[in-house]
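# Coordinates in review
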Amino acid sequence: MSEGKALDQQVILVSEKDLPLHCPQPAVALWNTHPRVFLDITKTGHAQCPYCGTKYEWQGPLPKAQH
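The next subject is the overall build of the chain. Of the regular secondary structure elements, the chain holds zero helices and six strands. Order of helices (α) and strands (β) in the chain, N terminus to C terminus: β-β-β-β-β-β. Across the 67 residues that make up the chain, the buried fraction comes to 30%. A separation threshold of at least 6 residues defines the contact pool for the chain, and within that pool the share at least 24 residues apart is 31%.

Right, here's the structure in full:
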């Protein structure tokens, strides 16, 4: 996972290795966390945390649906 833009814009680029995607991420300081929420990014390529507003964007082609 890498930061897509400046941290103050709160956009984080994610890939398949980051699944299942959740917020907050492990690198966030403990004092600055909220309850963990899992985000479904694989359908649209983007997601936003309902708690802190961090935006996540998918890098590359979206994974194919599994049956």
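Having seen the model, we can carry on.
Right, let's talk about the environment of Gly-45 for a bit. Secondary-structure assignment places Gly-45 in the loop between β4 (37–38) and β5 (46–48). Using a relative accessible area of 14% as the deciding quantity, one classes Gly-45 as buried. Each C-alpha atom, one on Gly-45 and one on Glu-57, is 5.9 Å from the other, the two residues being twelve residues apart in sequence. If near-sequence neighbours (up to four positions away) are discounted, Gly-45 is found in contact with Tyr-56, Glu-57, Trp-58 and Leu-62.

Checked against the element boundaries, His-22 lands in strand β3 (residues 22–23). Discounting chain neighbours no more than four positions away, the residues touching His-22 are Arg-36, Val-37, Phe-38 and Tyr-56.

Next up on the list: the pattern of salt bridges. Enumeration over the complete set of coordinates arrives at two salt bridges. A salt bridge links Asp-18 to Lys-17; the shortest N-O distance between them is 3.5 Å. Between Lys-43 and Asp-40 there is a salt bridge; the shortest N-O distance is 3.8 Å.

A cis amide bond, omega -5 degrees, links Leu-19 with the succeeding residue Pro-20. Topologically, Pro-20 is positioned in the loop between β2 (11–14) and β3. Along the chain, Cys-23 connects to Pro-24 via a cis peptide bond; the corresponding omega equals 5 degrees. For Pro-24, the position within the fold is in the loop between β3 and β4.

Moving on: the nonpolar core. Within the largest apolar cluster, eleven residues are counted, these being Ile-12, Val-14, Leu-21, Cys-23, Val-37, Leu-39, Ile-41, Ala-47, Cys-49, Tyr-56 and Trp-58. Put simply, the parts of the chain that give this core at least two residues each are β2 and β6 (55–58). With near-sequence residues (within four places) excluded, Tyr-56 lies in contact with Ile-12, Val-14, Leu-21, His-22, Cys-23, Gln-25, Leu-39, Ile-41, Gly-45, His-46 and Ala-47.

Basis of the calculations
- Residues numbered from 1 in each chain as written.
- Predicted model: local features only at pLDDT ≥ 70, side-chain atom pairs only at ≥ 80, totals over all residues.
- Heavy atoms only, no water.
- Helix = DSSP H or I, 4+ residues; strand = E, 2+ residues; numbered from the N terminus.
- Buried < 20%, exposed > 50% of the residue type's maximum accessible area, 1.4 Å probe, protein only.
- Contact = heavy atoms within 4.5 Å.
- Salt bridge = Lys/Arg side-chain N within 4 Å of Asp/Glu carboxyl O.
- Core = buried A, V, L, I, M, F, W, Y, C linked by side-chain atoms within 4.5 Å.

Remember, this is a structural readout, not a statement about activity or role.
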